[in-house]
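Structure assessment
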2 protein chains.
Amino acid sequence: MSSTKWVYSFSNKKTEGDRSMKNLLGGKGANLAEMSVLGLAVPPGFTVTTEACLDYVVNNQISDKIKEQIVAALKQVEEITNKKFGDDQNPLLFSVRSGARVSMPGMMDTVLNLGMNDKTVKAIGKLSNNHRFAWDSYRRFIQMYANVIMGFNVSMLESTLEDLKEARGVSEDTELTAEDLEELVSVFKKIILEESGLSFPEDPMEQLWLAVSAVFDSWDNPRATKYRDLNHFSHDWGTAVNVQAMVFGNMGDDSATGVCFTRDPSTGAKRFFGEYLVNAQGEDVVAGIRTPGPINNESKNVSNKTFKTLEELMPDSFFELTTVYKKLEEHYKDMQDIEFTIEKGKLYILQTRNGKRTAAAAINIAVDLVDEDILKKEEAIMKVEPEDLNQLLHPRLDPKATKNVIAIGLPASPGAACGKIVFTSERAHELNLEGQKVILVRQETSPEDIAGMVASQGILTARGGMTSHAAVVARGMGKPCVAGCSILLIDSKNNILTVNRKQYQEEDLLTIDGATGEVMEGEVATIAADFSQNFSKFMGWADEFRILKVRTNADNAEDTRIALEFGAEGIGLCRTEHMFFEAERILAVREMIFAATRVDREKALEKLKPFQKEDFKGIFTEMAGKPINIRLLDPPLHEFLPHTEEDLQELASYLGLELKQVKERCDSLHEFNPMLGHRGCRLGITYPEIYLMQARSIMEAAIECKKNGVSVNPEIMIPLVSVDYELSYLRKLVVEEIDRVLEEAQDKIKYKVGTMIELPRAAIMASEFAAYADFFSFGTNDLTQTTYGLSRDDASKFLPEYIGKGVLVEDPFVSLDQSGVGFLVEHAKKEGKKVNPSMHIGICGEHGGDPRSIHFFHKIGLDYVSCSPFRVPVARLAAAQSALS
Amino acid sequence: MSSTKWVYSFSNKKTEGDRSMKNLLGGKGANLAEMSVLGLAVPPGFTVTTEACLDYVVNNQISDKIKEQIVAALKQVEEITNKKFGDDQNPLLFSVRSGARVSMPGMMDTVLNLGMNDKTVKAIGKLSNNHRFAWDSYRRFIQMYANVIMGFNVSMLESTLEDLKEARGVSEDTELTAEDLEELVSVFKKIILEESGLSFPEDPMEQLWLAVSAVFDSWDNPRATKYRDLNHFSHDWGTAVNVQAMVFGNMGDDSATGVCFTRDPSTGAKRFFGEYLVNAQGEDVVAGIRTPGPINNESKNVSNKTFKTLEELMPDSFFELTTVYKKLEEHYKDMQDIEFTIEKGKLYILQTRNGKRTAAAAINIAVDLVDEDILKKEEAIMKVEPEDLNQLLHPRLDPKATKNVIAIGLPASPGAACGKIVFTSERAHELNLEGQKVILVRQETSPEDIAGMVASQGILTARGGMTSHAAVVARGMGKPCVAGCSILLIDSKNNILTVNRKQYQEEDLLTIDGATGEVMEGEVATIAADFSQNFSKFMGWADEFRILKVRTNADNAEDTRIALEFGAEGIGLCRTEHMFFEAERILAVREMIFAATRVDREKALEKLKPFQKEDFKGIFTEMAGKPINIRLLDPPLHEFLPHTEEDLQELASYLGLELKQVKERCDSLHEFNPMLGHRGCRLGITYPEIYLMQARSIMEAAIECKKNGVSVNPEIMIPLVSVDYELSYLRKLVVEEIDRVLEEAQDKIKYKVGTMIELPRAAIMASEFAAYADFFSFGTNDLTQTTYGLSRDDASKFLPEYIGKGVLVEDPFVSLDQSGVGFLVEHAKKEGKKVNPSMHIGICGEHGGDPRSIHFFHKIGLDYVSCSPFRVPVARLAAAQSALS
């Protein structure tokens, strides 16, 4: 054990680690070593290993053997920098940072300027020719140190600062003079002594030991511990400590600091691009007090075009920077975001990381890097976050527009929309007919609102989560939606929306951003979606590698068309009930519900058949032979009933009944838990004539399409099975009806009959269903609800608190719960294939558009995912990444 | 193959089979062989094997090799009986019956008197000296044969019979003369020829071949096929055919027919007991046209005491019968129900089977048989149906009372009750205070009705299934309940119950029988439950052998006391929320719900604490150290809110709020699917102060009891977990609070903290929960609901149709679905024990009182079941039978 290496140095002289040593040096330490190995001018320093942390935890102190190695490494840094820790002429200062193998909340972050004391502050003042800066750095260091390392309550020091500002009659820290700050330092020290009984340590070595101990201590603080518990990370990893020399860009006119990108983060264009400030610290660039200059001509814009470029001012450093950025981009094979500082003519690279970028830029950069032979296609595909493609597919807010955000809800369906607010679907429809743009504002939406949603630019609801009715339907339609915005008080009787006591009337203008959940007053400018050539090229590459097929959830020809443009390979879920809600159909549906006998029901269904048939013909024609999975009627009948007194009366007149009778029938259909009620195939069992009508419509439509030269590939899906006999009975019913239709038409058409696996029992007993199913499709929305015993409509009331408290790491309706619900999916897939190896298996829940879930579906070997049209590209990319990783 | 034996004879001369050959000879055939082997005077005959059936199915005819063996066996019967098939002097007639290894619906049942034709009818008339009987038998034979074997629509023959009766001016078949019947026979034959083109076969051999073929054909008829599909029985079993000589008890005064029991089926008393008729057929005894005589003095009663006994009249036959009955009882080791016929002085045993008996008789017989050394205790335990014990535990209708049944609902909680009907819980309470007996009639009940249910003799609801609120609570209380009686029209505004257009007002008398589901007008006499010494002895034996422990579900000291009397070994589920509903508490609960801050909530909870504590002290004291599983608050808060305008107003006044505010809060708590909503541990997470109050109440009660010398053994159960962190967080919360209470009291008390597994995800992820649980208790009600995606409250609307159509073989809320829900239970048990082998695991759903489910729980190795107090004896017996089988 005496030969254990506890400390690893890094510098352009001597570096002992590399990026493979993440477990020992932590992520940050490994990266600093890696950059040093590359020969970059990283400020020198050393990493105390994670093993040292574990040693510390056992002994409750830094062992002497570790201290020895730290001191030795510190000496090396002194030699390389030609500075001395605690020196009163040319003092060396350090930053101290924690760094575990993954970053986690609660860990001690950063202490800068370690080594400051009454002597070194003067030296820094002299060297920088800026005493105010020196004393301000010292003052900040004491504050940070007292708080982070000594565990001192910071508010007392802060109030002293405020008192001083008041005494001086100033409002900003920056208005305090060097003398003010010097005075503040001595007051700070006095307070610390009085309150804690401890002197602020003037000895730099003592500062260092305490700082290293503080990092190690933070490994076991409650927040970090809980985070590891939640993520199932081991408590035995430990954290490393990175001690690195400070460099200063404010040491005179031969010093500077800046930020640069190796390519344009907005467009992805290949141009070296950045900003800098002479004689300044890094934070000055960010703070925006001084306007930074362009590093080169290509970085010039309207506000900085008259400034000298870094290239002109410090050509040597600029040249070195260009060498560095090229090296870094080649090494990391990606666009880099680089922070640099020039101290007295010497360039230091403080940080480099893959640069944040817009989705458009991400695609352009990925494609360019392939063209430049830096990346292979397979690597390029991994460079774009599937989720980011959303930005490209929907109109979005003009980033330059000003906006007055009045509320924030859930970002339920991306895209931005602006319109006059309305509180009912009827009103949405009316204004839409007048050519007006509207935003539908509802407590929540129900299937009755479909027409109103179609007529609106966007939907805003006060209740419901990411998978509420509004959210799901809006995503399906590709319309922006902000859901569950609980701050909204909606008085739909009087048509008043109140937000923070401010009232909005019908037809007032609002803008919503479904990508962020923001609700804004008035009209905020938007810009349209655009597809570049690179987008098509990039998505083409993704398709080359992906194994999972991608279908779409679509209920009409319009959605189908959009999905096809986005690359859908079929329909994974066509919900026939959405076809029931249009005005001229809903009365026939209600007539069917009120029918007392099967004969009367069949009469009402006969009225619906032509509509269903036309819809199917439209979809068949669009899809031209691609597979179309049609789900037979699923929701409970009461979803089709009217709610308002007026509609009830209308229905009564239509049916020739008394209002009372209509109400009684509506009451008798009421269910305590509709989610678990009389729906899905349970309707098919009790009212076989409904499924018969649907089967006949599908097949008659198919036959007519085929006559018109359109290939058809229908798959008929029986929903909500839990008992094998439900499927065997209904399959027989449907197949016999189809055979009748085909015989009447003297035609032959291939079709499949399968089922939806959306209840735990169906998943458990999959082998029994497989014998009667040509395919399975997992309805993971309902499967998640029943597996968790959690209604997605009701969960919005406590799910935020659940996620806030860390009970759930994420919303299981957004990303599939792989261990629980996933267990059932995998079990059912295996059992099903065992009995029926030729069956195909897909998934049509909301999770079909979620990249992490798609990764899981790929891993367990499903055949396809299906998602709303606007998520098809996301799914295609995620599927490709799954295949490649 | 040529040596295959297709036909097995049976007679007291030569019998080729025995009861072990069920698969080859069918159940009936094996039993006939067994009785013959015993030397009983069974009418001789033969069985055509199930293999012959399969041969028939393949060849679509009876092969010659089989026909040969049938003819040979027939000859043997002729020799034994000294009669001849088709003979015009002493003709042999046969009965032909199907008999598969299990009996199933749809199979051809019985054809009697095969061999009747124009010649043999006359011989029978002469031999019986009863031409009317002979022609009537012939007439019936033709009708049955035409229908069952020739597939002739029977209505045409029946209408001819009706026409003849009208022509003769008589109303009963028995009023037709021999000549009438002879005429009818010839008309029947003419109709058959005209309608089918086929003559009725006069040749007895032809009759036989057609009858055997008809039995074989019936194996594949649709009803039988569907039944086998539903029960997963193989279609390759086939059915056997039993051909047996007919004997006649109406061949003169030396002939007779009768039925006897080896012991008294009402009381179980050991007395040979039966009735007979001289010169009569078996059906005459049943038809009740003539009053039958007693077989011996012990069988005499008021109506037959003047008759001669069989013992007196035919002492030889009687003596032979006593030998037979003793042999049979000894052989089958059970009380037998024997049918016999004496033909011309010769005794034949037509059938023997274990006799139906009352529960009291069953127990007495079982105990006596052990005392008589006929049975071992282990065997005796298997002789009583656990379900039948119900009869003993509840008052029941006097079987002699006349009753006017006006409706039949579900037999939801056994026992009979009579009372004045009331439509509200308040009214039940008022009349109860006046000392009146009431029946509470409700659309359905809710937790608000608890007080009203307590005040009632029985509960009658129009909605809800076997596990609806009313049913579950009534069973818990041991009160009779008829649920889901959908024919009831309840107008609770005007207090009118309408059944089939007849109206019943408040305070009209009704009687309900919760064991049959019957609803009766007026008062029907009831008799009380009684426990015999034999009952205690018998249950004691059961306890000796059983491995599963039996606990009870009880929420108060009263239920606890009943359950202890019935032998409960602890409480498996104490629902704390039932304690919240009493008048003085509910306001504090509502105050808690309306509290805006945690502090206000805690203030309201502080008011509830004394009540909870008192309740727990009562239960602890009753149970005296037996384990008590207490479930923390489970239902969603809105269950505690008032519904009527009046109650809402009262609450508003109490809280000092406006009615509108109260209504808004109530609305905001509304849930779409409460079953899947904000309940169970989800309340504990969002309002930890509720669980803290409950934990403190439990422990303070325990400490005080201990001080009073009462042992305590509390188990605290966290309900509705789906994510492991819910349990780890709440366990910590509860344990810390308990530790505080114990520290304050300077005391130590052992306790456990565990969880309820009632959601599929909890079952799937059981290994993760086991680390934080001292026990699991399966909540199979909710687990069934979520696994099937089926709300038990809503399912009552279509479950009857589901069971009627055979989609479900039985209600999964009554008997556990072993393959689906059972998969999860077994999985969770295994995974849990793997991680935490010392944990105990039980079940507290309704299935804990169902014998078939108990068998399953025993098989997979649970530690205990828990059920409502009145089902504890049922569970004890079922558990013993599981251990022994």
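Preceding this paragraph is the structure being described.
Structure report, in brief. Everything numeric here is computed off the predicted structure, so don't read it as measured data.

So, on to the nonpolar core. Soluble, globular proteins show a tendency: their nonpolar side chains are buried together. Within the largest apolar cluster, 278 residues are counted, with the highest numbers of intra-cluster contacts made by A:Phe620, A:Ile718, B:Phe620 and B:Ile718. In this structure B:Phe620 touches B:Gly625, B:Ile628, B:Ile630, B:Ile698, B:Ala701, B:Ala702, B:Cys705, B:Val710, B:Ser711, B:Val712 and B:Pro714, once residues within four positions along its chain are discounted.

Residue and element names in this part refer to chain A. For helix α21 (residues 583-594), which comprises 12 residues, the first-to-last C-alpha distance of 17 Å matches the rise-based estimate of 16 Å (1.5 Å per residue) to within 8%. For α21, the buried fraction is high: nine of the 12 residues fall into the buried class. Listed as buried for α21 are Arg585, Ile586, Ala588, Val589, Arg590, Glu591, Met592, Ile593 and Phe594. Buried positions along α21 lie against α22 (598-623), α23 (645-655), α24 (659-669) and α26 (688-707).

All names here are of chain A. Burial analysis of strand β11 (residues 336-343) places seven of its eight residues in the buried class, which makes it a mostly covered element. Judged from the six bridges that link them, strand β8 (residues 256-261) and β11 form a sheet pairing that is antiparallel. Counterpart to Phe261 in the pairing with β11 is Asp337. Bridge count between β11 and strand β12 (residues 346-354): eight bridges; the pairing is antiparallel. Bridge pairing links Phe340 to Ile349 in β12. Hairpin connection from β11 to β12: two residues lie between these consecutive antiparallel strands, with Lys344 at a positive phi of about 50°.

Residue and element names in this part refer to chain A. With parallel pairing, eight strands are arranged side by side around a closed barrel as β26-β27-β28-β29-β30-β31-β32-β33. Taken pair by pair, the neighbouring strands of this sheet meet at an average axis angle of 30°, ignoring direction. Summarising the sheet, strand β28 (residues 628-631) and strand β29 (residues 714-718) pair through four bridges and their orientation is parallel. Paired with Ile628 across the two strands is Pro714, which belongs to β29.

So, on to the packing of aromatic side chains. Overall, the coordinates contain 38 aromatic pairs over all chains when judged by the stated rule. Both rings, one in A:Phe46 and one in A:Phe94, keep their centres 6.2 Å apart while their planes meet at 70°; by these two values the pair is edge-to-face. Of this pair, A:Phe46 sits in strand β2 (residues 45-48) while A:Phe94 sits in strand β5 (residues 94-99); the two residues are 48 residues apart in sequence, bridging distant segments of the chain. With a centroid separation of 5.2 Å and an interplanar angle of 65°, the aromatic rings of A:Phe566 and A:Phe870 are classed as edge-to-face. One end of the pair, A:Phe566, is in the loop between α20 (557-565) and β27 (571-575); the other, A:Phe870, is in the loop between β33 (864-867) and α35 (872-884), and 304 residues separate them in sequence. Both residues of the pair, A:Phe566 and A:Phe870, count as buried. Each member of the aromatic cluster is reached from another via a ring pair, and the members are A:Phe46, A:Phe85 and A:Phe94. Seen from the ring of A:Tyr8, A:Lys5 lies directly overhead, with NZ or CZ sitting 4.9 Å from the centre. B:Arg551 extends its terminal NZ or CZ atom over the ring of B:Tyr864, reaching a point 4.0 Å from the ring centre.

Least-squares fitting of chain A to chain B yields an RMSD of 0.2 Å, with the superposition described by an axial translation of 0.0 Å and a rotation of 180°. Here the transformation between the copies is reduced to the relation of a two-fold axis. Using C-alpha coordinates, one finds that chain A approaches the rotation axis most closely at A:Asn673, a distance of 2.2 Å. The fraction of interface residues of chain A whose copies in chain B are also interface residues reaches 100%, indicating that both copies meet through the same surface.

Before going further, it helps to examine the sheet that holds strand β22 (residues 502-505) of chain B. Residue and element names in this part refer to chain B. The strand order across the open sheet built from three strands is β20-β21-β22, with neighbouring strands paired in antiparallel fashion. In this open sheet, the two strands that pair with only one neighbour each are β20 (489-491) and β22. Taken over all neighbouring pairs, the strand axes of this sheet differ in orientation by 20° on average, direction set aside. Relative to strand β21 (residues 496-499), β20 is paired through three bridges, and the arrangement is antiparallel. Considered in β21, the bridge of Asp491 is made with Ile496.

Here the focus is the environment of A:Val599. Along the chain, A:Val599 falls in helix α22. Sequence spacing of A:Val599 and A:Val370 is 229 residues, and the spatial spacing of their C-alpha atoms is 66 Å.

Each side of the interface is counted separately: chain A has 55 residues, and chain B has 56 residues. Summing both sides of the interface, chain A and chain B together bury roughly 4800 Å²; the carbon and sulfur share of this comes to 61%. Summed over the shared surface of chain A and chain B, the number is two salt bridges. One salt bridge connects A:Arg761 with B:Asp817, and the closest N-O pair in it is separated by 2.6 Å. Run the count over chain A and chain B and you get 24 residue pairs in polar contact (both at pLDDT 80 or more). In terms of residue class, the side of chain A that touches chain B is made up of 24 nonpolar, 16 polar and 15 charged.

Residue and element names in this part refer to chain B. Under the 1.5 Å per step criterion, the end-to-end length of helix α5 (residues 131-149) is 26 Å for 19 residues, consistent within 8% with the ideal 27 Å. With a side-chain oxygen positioned 3.4 Å from the backbone nitrogen of Arg132, the residue opening α5 is Asn130. Of the residues flanking the end of α5, it is Gly151, one or two places downstream, whose phi is positive at about 70°.

A few words on the pattern of salt bridges. Opposite charge on two side chains permits them to pair, given that their charged atoms come into close proximity. Residues and elements named next belong to chain A. Counted under the stated rule, the structure contains 143 salt bridges over all chains. Between Glu544 and Lys377 there is a salt bridge, with the nearest N and O atoms lying 3.2 Å from each other. Of this pair, Glu544 sits in helix α19 (residues 533-545) while Lys377 sits in helix α14 (residues 377-381), placing them 167 residues apart in sequence. By relative accessible area, which is 30% here, Lys377 ends up partly exposed.

Criteria and thresholds
Residues numbered from 1 in each chain as written. Chains lettered and ligands numbered in written order. Predicted model: local features only at pLDDT ≥ 70, side-chain atom pairs only at ≥ 80, totals over all residues. Heavy atoms only, no water. Core = buried A, V, L, I, M, F, W, Y, C linked by side-chain atoms within 4.5 Å. Buried < 20%, exposed > 50% of the residue type's maximum accessible area, 1.4 Å probe, protein only. Contact = heavy atoms within 4.5 Å. Helix = DSSP H or I, 4+ residues; strand = E, 2+ residues; numbered from the N terminus. Expected span 1.5 Å × (residues − 1). Pairing = 2+ DSSP bridges. Axes fitted to C-alpha atoms, helices over the stretch in contact; angles between N-to-C directions. Phe/Tyr/Trp six-rings, centres within 6.5 Å; stacked < 30°, edge-to-face > 60°. Lys NZ or Arg CZ within 6 Å of the ring centre and 35° of its normal. Least-squares fit on C-alpha atoms with pLDDT ≥ 70 in both. Buried area = accessible area lost by both parts, 1.4 Å probe. Salt bridge = Lys/Arg side-chain N within 4 Å of Asp/Glu carboxyl O. Polar contact = N/O pair within 3.5 Å; in protein donor to acceptor, adjacent residues only side chain to side chain. Nonpolar A, V, L, I, M, F, W, Y, C, P; charged D, E, K, R; others polar.

Purely spatial values, then, with no claim about function.
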